[in-house]
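Structure at a glance
Here are the chains, one letter per residue:
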Amino acid sequence: MLIIGIAGGTGSGKTTVVRKIIEKLPQGEVAVLPQDSYYRDNADMPLEERQEINFDHPRSVEFELLVEHIKKLKNGEAIDQPIYSYLTCLRSEETIKVEPKEVVIIEGILALTQPELRDLMDLKIFVDCDADDRLNRVIKRDIVERGRSVNKVLDRYEKTVKPMHLQFIEPSKRYADIIVPQGGNNVVAINILTHFIEKNLIVKL
Ligand SMILES: Nc1ncnc2c1ncn2[C@@H]1O[C@H](COP(=O)(O)OP(=O)(O)O)[C@@H](O)[C@H]1O
Ligand SMILES: Nc1ccn([C@@H]2O[C@H](COP(=O)(O)O)[C@@H](O)[C@H]2O)c(=O)n1
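What you are looking at is a predicted structure, and each value in this text was computed from that prediction instead of being measured. (Residues numbered from 1 in each chain as written. Chains lettered and ligands numbered in written order. Predicted model: local features only at pLDDT ≥ 70, side-chain atom pairs only at ≥ 80, totals over all residues. Heavy atoms only, no water.)

What to know about the side chain of H165
For clarity, the threshold we go by: Working definition: helices are DSSP H or I runs of at least four residues, strands are E runs of at least two. Numbering for both runs from the N terminus. Contacts are assigned to residue pairs with any non-hydrogen atoms lying within 4.5 Å of each other.
Here H165 shows up in helix α6 (residues 150–169). Other than its neighbours up to four places away in sequence, H165 contacts G9, R134, E170 and P171.

Description of the UniProt feature "domain: Phosphoribulokinase/uridine kinase" (unreviewed entry) in the chain
Short version of the rule: UniProt positions are given in the numbering used here, feature names are shortened, and annotations may be inferred rather than shown by experiment.
As annotated by UniProt and renumbered to match this structure, "domain: Phosphoribulokinase/uridine kinase" (unreviewed entry) occupies residues 3–188. Regarding residues 3–188, the helix share stands at 38% and the strand share at 23%, and the terminal C-alpha atoms are separated by 21 Å.

Structural notes on the pairing of strand β6 (residues 123–128)
Put simply, side chains in a regular strand alternate between the two faces of the sheet. Note the cut-off: Only protein chains enter the accessibility calculation, which uses a 1.4 Å probe. A residue is then buried if its area is under 20% of the maximum for its type, exposed if over 50%, and partly exposed in between. Here, a strand pair is defined by DSSP locating no fewer than two bridges between the strands.
Counted residue by residue, β6 has 5 buried out of 6 residues, so it is predominantly covered. Sheet analysis places strand β1 (residues 2–8) next to β6, joined by 5 bridges and oriented parallel. When the bridges of β6 are listed, I4 appears paired with L123. Where β6 meets strand β7 (residues 178–181), 4 bridges bridge the pair, whose relative direction is parallel. The residue of β7 that forms the bridge with I125 is I178.

Observations concerning the site of ligand 2
Worth spelling out the cut-off: For each residue, the test is whether any non-hydrogen atom lies within 4 Å of the molecule or strand; if one does, the residue is near. Polar contacts, as counted here, are pairs of nitrogen or oxygen atoms within 3.5 Å of one another; within protein the pair requires one atom able to donate a hydrogen and one able to accept it, and residues that are adjacent in sequence qualify only if both atoms are side-chain atoms. Note that accessible areas follow from Shrake-Rupley with a 1.4 Å probe, and for residues the cover is restricted to the protein chains shown. Both cavities and pockets are sets of points on a 1 Å grid over the protein atoms alone; in a cavity a 1.4 Å probe fits but cannot get out, in a pocket the set is open with protein on both sides within 12 Å along at least five of seven lines, and lining residues sit with an atom within 4 Å of a point. A cavity or pocket is said to hold a molecule if more than half of that molecule's atoms lie within 2 Å of its grid points.
In the region of ligand 2, 15 residues are neighbours, and T10, D56, Y84, R148 and R156 sit closest. The contact in question runs from a nitrogen atom of ligand 2 to an N or O atom on the side chain of Y84, over 2.8 Å. When ligand 2 is considered free in solution it has 470 Å² of accessible area, and contact with the protein chains removes 97% of it. Because more than half of its atoms lie within 2 Å of the grid, ligand 2 is assigned to the largest pocket.

Details of the site of ligand 1
How we decide: Under the scheme applied, nonpolar residues are Ala, Val, Leu, Ile, Met, Phe, Trp, Tyr, Cys and Pro; charged residues are Asp, Glu, Lys and Arg; polar residues are all the others, including Gly.
Near ligand 1 the following residues occur: G9, T10, G11, S12, G13, K14, T15, T16, E107, R137, R141 and N185. Residue G11 places a main-chain N or O atom 2.9 Å away from an oxygen atom belonging to ligand 1. At a separation of 3.0 Å, an oxygen atom of ligand 1 approaches a polar backbone atom of G13. Across the complex, the protein chains shield 68% of the 550 Å² of accessible surface that ligand 1 would expose by itself. The pocket occupied by ligand 1, as judged from atoms lying within 2 Å of grid points, is the largest pocket. By residue number, the principal contributor to the shell around ligand 1 is helix α1 (residues 14–24), which donates 3 residues. Of the residues assigned to the shell around ligand 1, the class counts are no nonpolar, 8 polar and 4 charged.

With respect to the nonpolar core
Our working definition: By nonpolar core we mean a set of buried residues, namely Ala, Val, Leu, Ile, Met, Phe, Trp, Tyr and Cys, connected to one another through side-chain atoms within 4.5 Å.
Counting residues in each nonpolar core, the largest one holds 33 residues, and the members touching the most others are L33, Y38, L66, I70, L110, L117 and M121. Per-element tally for this core: the top contributor is helix α3 (residues 63–74), with 6 residues. With residues near it in sequence (within four places) discarded, Y38 still touches L33, S60, V61, E62, L65, L66, H69, I79, Q81, P82 and R91. Counting 19 residues, the second-largest nonpolar core is a separate cluster that includes I4, V18, L123 and I190.

Remarks on the layout of surface pockets
What counts is decided by this rule: Grid points are joined across faces, edges and corners, and a volume is the space filled by probe spheres set on the points.
Each pocket or cavity is described by its volume, and for the largest pocket that value is around 810 Å³. Around the largest pocket, the lining is made up of 36 residues, and of these T10, D36, Y86, R141 and R146 lie nearest the centre. Contributions of two or more residues to the lining of the largest pocket are made by α1, β2 (30–34), α5 (131–145) and α6. Here the lining of the largest pocket is composed, by residue class, of 15 nonpolar, 9 polar and 12 charged.

Laid out in structure tokens, this is it:
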């Protein structure tokens, strides 16, 4: 099993890079563990309070469960991956059964900040993107997909997203084996990564 970590700021293009890598690999070879699925539930808080949580701080994510799940997959066991809603800021009662695959991708803003998680990764990637481009994309995406207003997105960006990016995410770039500028648009980087993964799969099989 090849375990790949893909980090980078919000809106940098991590999900797009993952999608493009998967499209190029044989079907059914890849399992994706999005860090966002592991946001803590906080069902005991009222919605207004949950919406004020600092979701860009490592404590907001149940990394213990993510690490446990990766270890289980490595051990050949299936996992029940949580489903998280950005609208309610809650986990669903349902889960997704994820079977062990030849390639496991862990994708998320804080994926390279945790030593125990990094130690499980065979390849660490940081998707790099200018802050103004990321903010531009996040405004558009959060209005359409996460039910936010422009003011709400800008307010969150100033209060938590930007400071946490500078404190935790940007410094985690130093742990990356490969830094990918221009995210999903970087055809050369996507091809190099795909070839690396394919080569490792052939060696392991
Ligand atoms: N190179 C790009 N140019 C323009 N828009 C992009 C680009 N890459 C991603 N996007 C858009 O920006 C948003 C965030 O991209 P995504 O890949 O989900 O980033 P992340 O997973 O890092 O938050 C999505 O709506 C996506 O379609
Ligand atoms: N309820 C939530 C939880 C998290 N966020 C934000 O999502 C960003 C990370 O996701 P990406 O897909 O952009 O990597 C992060 O900046 C959190 O603030 C949210 O908006 N709502």
